[in-house]
Amino acid sequence: MKEKEYLDLDFSDIKTPFTLNRREFIKAVGGGIFIFLTIGDPLDAEAQRRGGRLPTDFNAFLQIKEDGRVNCFTGKIEMGQGVINSIPQSLADELDVPLDSVDMVMGDTDLCPWDMGTFGSMTTRFFVPPLREAAAEARAVLIELAAERLELPVEKLRTEGGAVIEKNNSKNRVTYAQLTEGKRIERHLEEKPPVKDFLEFKIVGKPVLRRDSLEKVTGEAKFAGDIRLPGMLYAKILRPPAYGARLKSVDTSAAEKIEGVKVVRDGDLVAVLHTLPDVAEKAVSKIKADYDLPESDVDDKSIFDHLLKTASESNIEANGGDLEEGRELSHHIFEEKYLNSYVAHAPIENHTAIANIEGNKVTVWASTQAPFRVKDQVAEALGVSAENVRIIAPFVGGGFGGKTRCQQGIEAARLAKLTGKPVQVAWGRAEEFLYDTFRPAAVVKITSGITDDGKISLWDYGVYYAGGRGSQQFYDIPHHRTMTHSGGYPHPFGTGAWRAPANNTNTFARESQIDIMAAKAGIDPLEFRLKNLKNNQVIRILKAAADKFGWTPAKGPSGRGYGIACGTDAGTWVAHMAEVEVNDDGHVQVKRVVCAQDMGLVVNPQGAKLQVEGCIIMGLGYALSEEVHFKGGEILDTNFDTYQITRFSWTPEIETVLIESDAPPQGGGEPAIICMGGVIANAIFDATGARLYQLPMTPDRIMQARR
Amino acid sequence: METINFQLNDKPVEITIDDARMLLWVLRTDLELTGTRFGCGEGICGACTVLVDNYPVRSCQFPAVNADGKEIVTIEGLAKNGELHPLQKAFMSHDALQCGFCTSGMILTAYSLLLDNPEPTREEIIEGMEDNLCRCGSYGRIIKAVQTAAQEMKEAR
Ligand code: FES
Ligand code: FES
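Calculation notes
Residues numbered from 1 in each chain as written. Chains lettered and ligands numbered in written order. Predicted model: local features only at pLDDT ≥ 70, side-chain atom pairs only at ≥ 80, totals over all residues. Heavy atoms only, no water. Helix = DSSP H or I, 4+ residues; strand = E, 2+ residues; numbered from the N terminus. Rg over C-alpha atoms; globule rule 2.2 N^0.38 Å. Buried < 20%, exposed > 50% of the residue type's maximum accessible area, 1.4 Å probe, protein only. Contact = heavy atoms within 4.5 Å. Areas by Shrake-Rupley, 256 points an atom, 1.4 Å probe, with all protein chains shown as cover. Lys, Arg positive; Asp, Glu negative; His and termini not counted. Charge placed at Lys NZ, Arg CZ, Asp CG, Glu CD. Expected span 1.5 Å × (residues − 1). Buried area = accessible area lost by both parts, 1.4 Å probe. Salt bridge = Lys/Arg side-chain N within 4 Å of Asp/Glu carboxyl O. Polar contact = N/O pair within 3.5 Å; in protein donor to acceptor, adjacent residues only side chain to side chain. Pairing = 2+ DSSP bridges. Axes fitted to C-alpha atoms, helices over the stretch in contact; angles between N-to-C directions. Domains from an automatic or database assignment. Phe/Tyr/Trp six-rings, centres within 6.5 Å; stacked < 30°, edge-to-face > 60°. Lys NZ or Arg CZ within 6 Å of the ring centre and 35° of its normal.

S.K.: Whenever I open this one, the overall build of chain A confuses me. Can you help?
M.R.: Tallying secondary structure elements over chain A gives 20 helices and 27 strands in all. At 27 Å, chain A has a C-alpha radius of gyration in line with the 27 Å of a compact globule built from 707 residues. Dimensions of chain A, computed from C-alpha atoms along their principal axes, come out at roughly 80 × 75 × 45 Å. Looking at the 707 residues of chain A, the share that counts as buried comes to 63%. Partitioning the contacts of chain A with sequence separation of at least 6, the portion at a separation of at least 24 is 76%. Of the roughly 26200 Å² of accessible surface on chain A, 48% is carried by carbon and sulfur atoms. Looking at chain A, you have 82 positive and 98 negative side-chain charges, and the mean spots of the two groups are 2 Å apart.

S.K.: Where do I start with helix 12 (residues 371-382) of chain A in this structure?
M.R.: Residues and elements named next belong to chain A. Relative to the 16 Å expected for 12 residues at 1.5 Å per residue, helix 12 spans 16 Å between its end C-alpha atoms, a close match to the ideal helical length. If you check which residues of helix 12 are buried, you get Pro371, Phe372, Arg373, Val374, Lys375, Val378, Ala379 and Leu382. Taken from the residues just after helix 12, Gly383 is the one with a positive phi, measuring 65°.

S.K.: I would appreciate a short explanation of the interface of chain B and chain A in the present structure.
M.R.: It is common to report an interface's size as the accessible area lost on association of the parts. With 49 residues of chain B in contact, the opposing surface of chain A contributes 59 residues. Of the roughly 4500 Å² buried at the junction of chain B and chain A (both faces included), carbon and sulfur atoms supply 57%. The tally of links between chain B and chain A comes to eight salt bridges. For Arg28 of chain B, the salt bridge is made with Asp226 of chain A, and the minimal N-O distance between the two is 2.8 Å. The interface formed by chain B and chain A contains 27 residue pairs in polar contact (both at pLDDT 80 or more). Those elements that place two or more of their residues in the side of chain B that touches chain A are helix 1 (23-30), helix 2 (86-93), helix 3 (103-116), helix 4 (122-129) and helix 5 (139-156) of chain B.

S.K.: Honestly, the pattern of salt bridges in this entry has me stumped. Any pointers?
M.R.: When the charged atoms of two side chains with opposite charge come close together, those side chains can pair. Applying the stated criterion across every chain yields a total of 52 salt bridges over all chains. Across the pair Asp108 of chain A and Arg390 of chain A runs a salt bridge, and its minimum N-O distance is 2.6 Å. Taken as a pair, Asp108 of chain A in the loop between strand 3 (102-106) and helix 5 (123-150) and Arg390 of chain A in strand 16 (residues 389-392) lie far apart in primary sequence, 282 residues in all. Between Lys80 of chain B and Asp10 of chain B there is a salt bridge, with its nearest N and O atoms 3.5 Å apart. A residue pair is termed long-range when its members are at least 10 positions apart, and Lys80 of chain B in the loop between strand 5 (71-73) and helix 2 and Asp10 of chain B in the loop between strand 1 (2-8) and strand 2 (11-17) qualify at 70 residues. Here the salt bridges share partners, and the residues they tie into one network are Arg510, Glu511, Asp515, Arg529 and Arg691 of chain A.

S.K.: I'm lost on the sheet that holds strand 12 (residues 313-320) of chain A in this one. Help?
M.R.: In any sheet, the strands associate via hydrogen bonds between backbone groups, in a parallel or an antiparallel arrangement. Residues and elements named next belong to chain A. Spatially, the six strands line up as an open sheet ordered 12-20-19-18-13-27, and their pairing is mixed. Each having just a single partner strand, strand 12 and strand 27 (694-695) make up the two edges of the open sheet. By the bridge criterion, six bridges tie strand 19 (residues 456-464) to strand 20 (residues 480-486) in an arrangement that is parallel. Looking at the pairing, Tyr464 lines up with His485 of strand 20. Of the strands in this sheet, strand 13 (332-340), strand 18 (442-450), strand 19 and strand 27 are in contact with helix 15 (residues 503-521), which crosses strand 13 at around 150°.

S.K.: Any chance you could explain the side chain of His351 of chain A here in plain terms?
M.R.: Residues and elements named next belong to chain A. Relative to the helices and strands, His351 resides in the loop between strand 13 and strand 14 (352-358). Polar side-chain contacts of His351 include one of 3.0 Å to the backbone oxygen of Gly402. In this structure the side chain of His351 is engaged in a polar contact, spanning 2.7 Å, whose partner is the side chain of Glu432. Aside from chain neighbours lying at most four places away, what touches His351 is Ser367, Gly402, Lys403, Arg405, Gln408, Val425, Ala426, Trp427 and Glu432.

S.K.: Can you help me understand the domain arrangement of chain B in this one?
M.R.: All names here are of chain B. For chain B, the domain assignment lists domain 1 (2-77) and domain 2 (86-156). Put simply, the middle of domain 1 and the middle of domain 2, counted by C-alpha atoms, are 21 Å apart. Taken together, the two surfaces of domain 1 and domain 2 that pack against each other cover about 1200 Å², and 60% of this comes from carbon and sulfur. Looking only at domain 1, the three residues that lose the most surface to domain 2 are Arg37, Leu51 and Ile75, adding up to 37% of its buried area.

S.K.: Mind showing me how you'd approach the packing of aromatic side chains here?
M.R.: Any aromatic ring pair is given by two values, namely how distant the centres are and how the planes are angled relative to each other. All names here are of chain A. According to the stated counting rule, one finds 23 aromatic pairs over all chains in the structure shown. Ring plane angle 75° and centroid distance 6.5 Å describe the contact between Phe433 and Phe640, whose orientation is recorded as edge-to-face. Taken together, the positions of Phe433 in helix 14 (residues 429-435) and Phe640 in the loop between strand 25 (634-635) and strand 26 (653-658) put the pair 207 residues apart, joining distant regions of the chain. An identical accessibility class is assigned to Phe433 and Phe640; each is buried. On the numbers, 5.1 Å between centres and 85° between planes, the contact of Phe474 with Trp573 is edge-to-face. With Phe474 in the loop between strand 19 and strand 20 and Trp573 in strand 22 (residues 572-582), the pair connects residues that are 99 residues apart, well separated along the chain. Here the two residues Phe474 and Trp573 agree in accessibility, since each one is buried. The rings of Tyr342, Phe438, Phe493 and Phe630 are connected pair by pair, giving a single aromatic cluster. We note Arg439 situated over the ring of Trp498; from NZ or CZ to the ring centre the distance is 5.2 Å. A cation over a ring is seen here: Arg560 above Trp551, with NZ or CZ 6.0 Å from the ring centre.

Quick look at the structure:
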């Protein structure tokens, strides 16, 4: 089943490549599709670009233009996460050009080197290293060219600000643009020069404001829905009442009566097209259709039992010691079960695409996180060669994992083929909920134990259907086992990667359980964690967070409403502390959140802070209110009226501490969201003494837990 | 079909349209001003906010014929003579956006808020902006940007 593929690819937390060589990296990301080319490979960049692998020719990554500006090409897309800033920072430093001379060319499959997709907090860890290698080689070649031009040995030359300069005579210089005259650099080096040491960086590590904000505050920024082509039609597609329902019969006569409406049908795809999108929408609502509904009658209440019953496969993620021995050592045993609901990605920009077919060339502009994946999918859907398909991802209005699937791009391409016109498909909000690949509902069962002096002696952990990312605990526990349970496809609709997949579920469960044990032991929850930790990285960020927060020890529940949680994702470590207030009616106001984050070298401290804040704000939603309501494949939430995301009035004071580090940079777009369930659950407990075992922690559930 | 006249970003517009159509689609399609965004289509998210006689309206719910004789301002009309509005500048200097999809609606809602209340407190900003949604989580920075813009506008008076 299709959904399964997405789960496998997106849910694993691929480790940083800095400890891997290229060949191992290929294995880690699923192999087969990469070919490791040796330096000086005769394949030109164009062929490499098309082949589903990272090119080795540096011309595929960068181009020095006649006017001295530099194009940086990347298959990554900008959806708010800010790689439009951090990528050029790395390039500018490595190539020695001014930051503002770099222009970004992103997410265009005809112009950019192949890329797997923008997800998994992988840009900085996986794209930037080969980009830097490319820039290092380009810089070395430019120095060689300058040496010939200036008739000086390369040792006498240095680079700065887009020019090669004689070390002892800075007046003797030649710019990159003079050397290349806008032409492609044909020379390559036999041996690749080393990239710069992080300590040499002048631009990386400095805070930089967003470079795309001018376009965004003036409305000039183009998203997929803003592309206008002559003769284009707007399509609205007939949607079933439930996910997986099959069309039995359809009557489109009333829609056809509306002037200018064109109805097309191709198998299950029934669409109306018009030169005005709102007229197309009105027309589609006039279509009468009958469906065979899917059998499933599972709903948002029964889903958890259903998951436990369906699970047929399990996998041991980690183990050590002996669980029986751990049990005997334990003074107290805790057996708990944690639940979390399906949540939607709900970016403000819906899935949108426009497709144009000219001759045998297919071009699709789409809001997608994975243009190269869409390229293959569109080629397959139209039965054309992928070489003839170009995907362009303009600015994307939020993704969070939800735009790794691009059904709308395929729909637009099919309709463009059927009508012979450029066709836009822009989903409405109800379609967005119907076809979103939700974060899966999940169950976590934990049996743990502590000794009478507050040491954790037992940890037996099982997570059902969330996935393994973040499931492995990092406390100092002698007897432990971590298992993931899965099997079949128990979900009545699509599921997929949602910002820090699986880790939100796992961190909520683990950090709640730790707190439960701390309270029982009568120990301050920070002290309890420190007492049971040997991992210095966690200890350091916990202390940094406590410092900033002004944490003072007290055993829970202290009545203060303080919570704490920590975890790791995408190579980055995070610790959160929060202060909440819980009203008499169970309403939670989060007053303050402190996040300490160790993400290795911070490329853009400003961008990193934006991501931390975004994670905290978005995370408040899954912690407190976000929950997809459904009955079988029928999604009962169709808009933001019932599906409540974080609003202005929920905004806490946020303080971010970025730990200074010169370790290789790690992921930044996802880690800070993983603690939000746990830190708020623990703060609610501290405020009220009520323990919440299910996300989201709605006022109803809080009132129930209080009784 | 009805022919209506209105001022759009200081320029006169005459257009003949079906009277059931909403302003959002007329702006985005017929007039090709795509800076006004579509988010929810039901008046809930605020991405489609435009100003009608300086009052913020959800253009996805506002029949275009009601614009007749009115003055409409969209995000494209906020900068004057190449000079950004203080709100636009403050959104930039505070990085009060990420994906930027909610930004047009945020800025126009804030614009009318400041017309009503030139020196709003944090609470008043939250109250005035509460029904505009941002999935990227820029709320805290938006609040600060609005305060900064208010300050700059006050100094300019
Ligand atoms: S699109 Fe109009 S309020 Fe959301
Ligand atoms: S900046 Fe993305 S929705 Fe607000």
